[in-house]
Amino acid sequence: MLTTIDTAYTDTRADDLAWALGREPLPALAVLDLELSGASLQLRLLGASHQVLLDQGEESCSETVACLPGSSTPLPLGVAKRLGDWEYEFAARVETLSRQSFAGRAQELLALVADHPHGLAGTFPGDPHAFTAMLAQRGERQVQWRTWHAYPQEGRLVVTRTRVGTLATAPEHRS
């Protein structure tokens, strides 16, 4: 799903993004609710940022990557945590692209996400390459999502990948 976010694009920087787990739902500008094999997933666009809410049975997870006022947790390159019976893995990287490469990459990503049944992308008025995009999928024992936060004024694209899955259990040994 591709939408135009009804808010002015603010000149934020990729370096201003912060990461947080466990935040309450923040006001969203666009939302996509998904059911993925017993897992409820909500993709939320928050201006130039995102929030993902995952619920499955008794377990839940809230991931926020946003320009959060007062946040003291910058965007990490990687995180691995145990959340109840789940393993949570997060990775982020920043791509710096030329103006021409940035435009091509932006079009490619928006095309990928716009028509995908588990994709949500929002573009901002004023710059066709200013966007936040999210794409989710379900694996055998995990839910995954990828996000892209575009900063055309800097030529930077922040890419994240998250996996949340059940803890692997060792098989029982019999004598």
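Reference entry: report on the structure contained in this document. (Residues numbered from 1 in each chain as written. Predicted model: local features only at pLDDT ≥ 70, side-chain atom pairs only at ≥ 80, totals over all residues. Heavy atoms only, no water.)

Notes on unusual backbone geometry
The test is simple: In this text, helices come from DSSP runs of H or I with a minimum length of four residues, and strands from runs of E with a minimum of two, each type numbered from the N-terminal end. Burial status follows relative accessibility: with a 1.4 Å probe on protein chains alone, a residue under 20% of its type maximum counts as buried, one over 50% as exposed, and anything between as partly exposed.
Despite not being glycine, Ser37 has its phi angle at roughly 50°, a positive value. By the secondary structure assignment, Ser37 is in the loop between strand 3 (30-36) and strand 4 (39-45). A residue is classified by how much of its surface remains accessible, and Ser37, at 62% relative accessible area, is exposed.

A word on the packing of aromatic side chains
The condition is simple: Between the rings of Phe, Tyr and Trp (Trp by its six-membered ring), a pair exists once the centres lie within 6.5 Å; its type follows the angle of the planes, with under 30 degrees stacked, over 60 edge-to-face, and the other angles tilted.
Scanning all chains against the criterion turns up two aromatic pairs. Arranged with centres 6.4 Å apart and planes meeting at 40°, the rings of Trp19 and Tyr88 form a pair that is tilted. Remark: Tyr88 occurs in strand 8 (residues 86-96) and Trp19 occurs in strand 2 (residues 18-21); sequence separation between them is 69 residues. With relative accessibility at 10%, the residue Trp19 sits in the buried group. With a centroid separation of 6.0 Å and an interplanar angle of 35°, the aromatic rings of Trp19 and Phe90 are classed as tilted. Placement of the pair is Trp19 in strand 2 and Phe90 in strand 8, with a sequence separation of 71 residues. Taken together, the ring pairs in this structure connect Trp19, Tyr88 and Phe90 into an aromatic cluster.

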